[in-house]
Amino acid sequence: MATVEDIYRKHKPTAFEADRRPSSTEVWWWFFMRISGVVLVFLVLIHVYVMHVVGAGVERVDFAFVVERWDSIGWKSFDWIMLFLALLHGGNGVRIIIDDYIHRDGLRATIKGSLYALILILMIMGTAVIVTFNPATAG
Amino acid sequence: MDVQLSVLKYNPETDKEPHFEDFTVEADPMERLLDCLHKIKWQHDSGLALRRSCAHGICGSDAMVINGVNMLACKVLVKDLKQPIRVEPIRGLPVLRDLIVDMEPFFAGYLAVKPWLITDDRQHDPERERIQSPEERERFDDTTKCILCAACTTSCPIFWADKEYVGPAAIVNAHRFIFDSRDDGGAERLEILSSRSGVFKCRTAFNCTAACPRGIKVTQAIQEVKRAALFDSL
């Protein structure tokens, strides 16, 4: 005979299959979003201030400006951390929206796969630009 | 005074789509919306289907969307509502007829979090009383107030979008036991709530807190459960 739990289980199958791993990934992504969100507020505000407000603002940003800025390992690190956090924070946000609104397994897997690929490509391209930037050979 | 109401009606046996029907009833401004719905049912349209039981905000049967907001029909006065009063069934659950929805998916989320006292006799002598201090009781006092009316869960945009989400009410009732010093099932419940359809589906929209007719700080309780899940997995 079907029990009440059997009847209810069909409505929320994943809730009845608890995440048995010692630490669930969703817990850690939630924690990452909290921390990266706070860090990004400061990184983005500093970025906007330095690039768009100080001096002549964005008008003064040219090749020479980039050469001078990326001469410092500090600014390179700053830009890379912002790239890393923004891509992961934003990418995870989009993953969450996909999980909320797309319910067909195949379609969801395809769209999420494309999202992960896009994030990976942008991460590799951005990292390559920052790490390999050499004023002597660039431009 | 005359009270104008517009009620969303739907009979799956005869109607293709839900549709609004207008009614005018005579009521005192201090009467409740539930009284008006009774007048419709008793004097105008005996076919109107709605759930109600205690009529005093305790049983949680008559949650409905009133002028676009989730409320209990028995707790809102006519004088406080803009006319014509639009009355619809709560959202996100299948409508069975008129204002009655199928509550089974709602109670599925509730049952999933094991909303009962779980005891471990290896940790506590089952023959001795378990003393709880007023401070320990206070820790989960807010979430004991839940009446399972589903006003919170059916106001949640994530629940509308993803029926697998256990919903705010289930998390509130999990909170009630997770933070109870007499309960030994906290880790078990946090495992359940860490699943894909668990507590981390909450996007802190705060609709639940606004909708709760008992004034439970639902979003705060959900955040406390998230934090507990984080520390539990450390």
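Rules of the game
Residues numbered from 1 in each chain as written. Chains lettered and ligands numbered in written order. Predicted model: local features only at pLDDT ≥ 70, side-chain atom pairs only at ≥ 80, totals over all residues. Heavy atoms only, no water. Domains from an automatic or database assignment. Contact = heavy atoms within 4.5 Å. Buried area = accessible area lost by both parts, 1.4 Å probe. Salt bridge = Lys/Arg side-chain N within 4 Å of Asp/Glu carboxyl O. Helix = DSSP H or I, 4+ residues; strand = E, 2+ residues; numbered from the N terminus. Axes fitted to C-alpha atoms, helices over the stretch in contact; angles between N-to-C directions. Parallel < 35°, antiparallel > 145°, perpendicular 65-115°, else oblique. Nonpolar A, V, L, I, M, F, W, Y, C, P; charged D, E, K, R; others polar. Core = buried A, V, L, I, M, F, W, Y, C linked by side-chain atoms within 4.5 Å. Buried < 20%, exposed > 50% of the residue type's maximum accessible area, 1.4 Å probe, protein only. Polar contact = N/O pair within 3.5 Å; in protein donor to acceptor, adjacent residues only side chain to side chain. Pairing = 2+ DSSP bridges. Phe/Tyr/Trp six-rings, centres within 6.5 Å; stacked < 30°, edge-to-face > 60°. Lys NZ or Arg CZ within 6 Å of the ring centre and 35° of its normal.

## Focus: the domain arrangement of chain B
All names here are of chain B.
Then comes step 1: The domains assigned to chain B are domain 1 (2-101) and domain 2 (104-233).
Then comes step 2: Centre-to-centre, using C-alpha coordinates, domain 1 lies 29 Å away from domain 2.
Then comes step 3: With 13 residues of domain 1 at the contact, the number on the domain 2 side is 15 residues.
Then comes step 4: Of the roughly 1,100 Å² buried where domain 1 meets domain 2, counting both sides, 62% is carbon and sulfur surface.

## Examining the pattern of salt bridges
Then comes step 1: Enumeration according to the criterion identifies 26 salt bridges over all chains in this entry.
Then comes step 2: The residue A:Asp105 makes a salt bridge to A:Arg108 at a minimum N-O spacing of 3.1 Å. One end of the pair, A:Asp105, and the other, A:Arg108, are both in helix H6 (residues 105-132), three residues apart, so they sit about a helical turn from each other.
Then comes step 3: Between B:Lys114 and B:Glu188 there is a salt bridge, with its nearest N and O atoms 3.1 Å apart. Of the two residues, B:Lys114 is situated in the loop between helix H2 (104-112) and helix H3 (134-138) and B:Glu188 in helix H6 (residues 186-193); the sequence distance between them amounts to 74 residues.
Then comes step 4: Linked through salt bridges whose partners overlap, the residues forming this network are A:Glu26, A:Arg95, A:Asp99, A:Asp105, A:Arg108 and A:Lys112.

## Examining the packing of helix H5 (residues 73-101) of chain A against H6(A)
Residue and element names in this part refer to chain A.
Then comes step 1: Their axes nearest at 10 Å, the elements H5 and H6 cross at an angle of 175 degrees. When the interaxial angle is binned, H5 and H6 end up roughly antiparallel. Between H5 and H6, the contacting residues are Lys76, Asp79, Trp80, Leu83, Phe84, Leu87, Leu88, Gly91, Val94, Arg95, Ile98 and Asp99 on the first element and Arg108, Ile111, Lys112, Leu115, Tyr116, Ile119, Leu122, Met123, Gly126, Thr127, Ile130 and Val131 on the second.
Then comes step 2: Grouping the amino acids of the contact of H5 with H6 by side-chain chemistry returns 15 nonpolar, three polar and six charged.

## A look at the nonpolar core
It is characteristic of soluble globular proteins that their nonpolar side chains tend to be buried jointly.
Then comes step 1: B:Leu5, B:Val7, B:Leu33, B:Leu37 and B:Leu193 are the most contacted members of the largest nonpolar core, which has 74 residues in total.
Then comes step 2: Non-local contacts of B:Leu193, meaning those with residues more than four positions away in its chain, are made with B:Val113, B:Val166, B:Ile171, B:Ala174, B:Ile178, B:Gly198, B:Val199, B:Phe200 and B:Val225.

## Observations regarding the interface of chain B and chain A
Then comes step 1: Between chain B and chain A, the contact holds 32 residues from the first and 30 residues from the second.
Then comes step 2: Across the interface of chain B and chain A, roughly 2,700 Å² is buried in total on both sides, 59% from carbon and sulfur atoms.
Then comes step 3: One can count three salt bridges joining chain B with chain A.
Then comes step 4: A salt bridge links B:Arg203 to A:Asp100; the shortest N-O distance between them is 2.8 Å.
Then comes step 5: Counting across the interface, chain B meets chain A through five residue pairs in polar contact (both at pLDDT 80 or more).
Then comes step 6: Ranked by residue count, the leading element in the side of chain B that touches chain A is H2(B), at seven residues.
Then comes step 7: Looking at the side of chain B that touches chain A residue by residue, the class counts come to 16 nonpolar, six polar and 10 charged.

## Points about the sheet that holds strand E4 (residues 69-72) of chain B
All names here are of chain B.
Then comes step 1: On the basis of which strands lie adjacent, the open sheet formed by five strands has the order E2-E1-E5-E3-E4 and mixed pairing. Of all strands in the sheet, those bounded by a partner on one side alone are strand E2 (19-26) and E4. Ignoring strand direction, the axes of neighbouring strands in this sheet form an average angle of 35 degrees.
Then comes step 2: With four bridges connecting them, strand E3 (residues 63-66) and E4 associate as antiparallel partners. Residue pairing in the sheet places Met64 in a bridge with Met71 of E4.
Then comes step 3: Packing against the sheet, helix H1 (residues 33-44) makes contact with strand E1 (2-9), E2, E3 and strand E5 (85-88), and its axis sits at approximately 95 degrees to E2.

## Concerning the packing of aromatic side chains
Then comes step 1: Following the criterion strictly, the structure yields nine aromatic pairs over all chains and no others.
Then comes step 2: Taken together, the ring pairs in this structure connect A:Phe63, A:Trp70 and A:Phe133 into an aromatic cluster.
Then comes step 3: One cation-aromatic arrangement involves B:Lys163 over B:Phe159; the distance from NZ or CZ to the ring centre is 5.8 Å.

## Some thoughts on the environment of A:Val58
Residue and element names in this part refer to chain A.
Then comes step 1: For Val58, the location among the structural elements is in the loop between helix H3 (25-53) and helix H4 (63-69).
Then comes step 2: Note: C-alpha distance between Val58 and Val48 (10 residues apart in sequence) is 9.4 Å.
Then comes step 3: Every residue in contact with Val58, bar those within four places of it in the chain, is listed here: Met51 and His52.

## A look at unusual backbone geometry
Residues and elements named next belong to chain B.
Then comes step 1: That bond from Gln83 to Pro84 is cis: its omega, -5 degrees, falls within 30 degrees of zero.
Then comes step 2: When you line up the elements, Pro84 lands in the loop between E4 and E5.
Then comes step 3: Residues other than glycine seldom take positive phi values, yet Asp98 does so here, at roughly 45 degrees.
Then comes step 4: Within the secondary structure layout, Asp98 lies in the loop between strand E6 (95-97) and strand E7 (100-101).
Then comes step 5: The phi angle at Phe206 is positive, at roughly 70 degrees, despite the residue not being glycine.
Then comes step 6: Position of Phe206 relative to the elements: it lies in the loop between H6 and helix H7 (207-211).
Then comes step 7: Assessed through its relative accessible area of 48%, Phe206 is described here as partly exposed.

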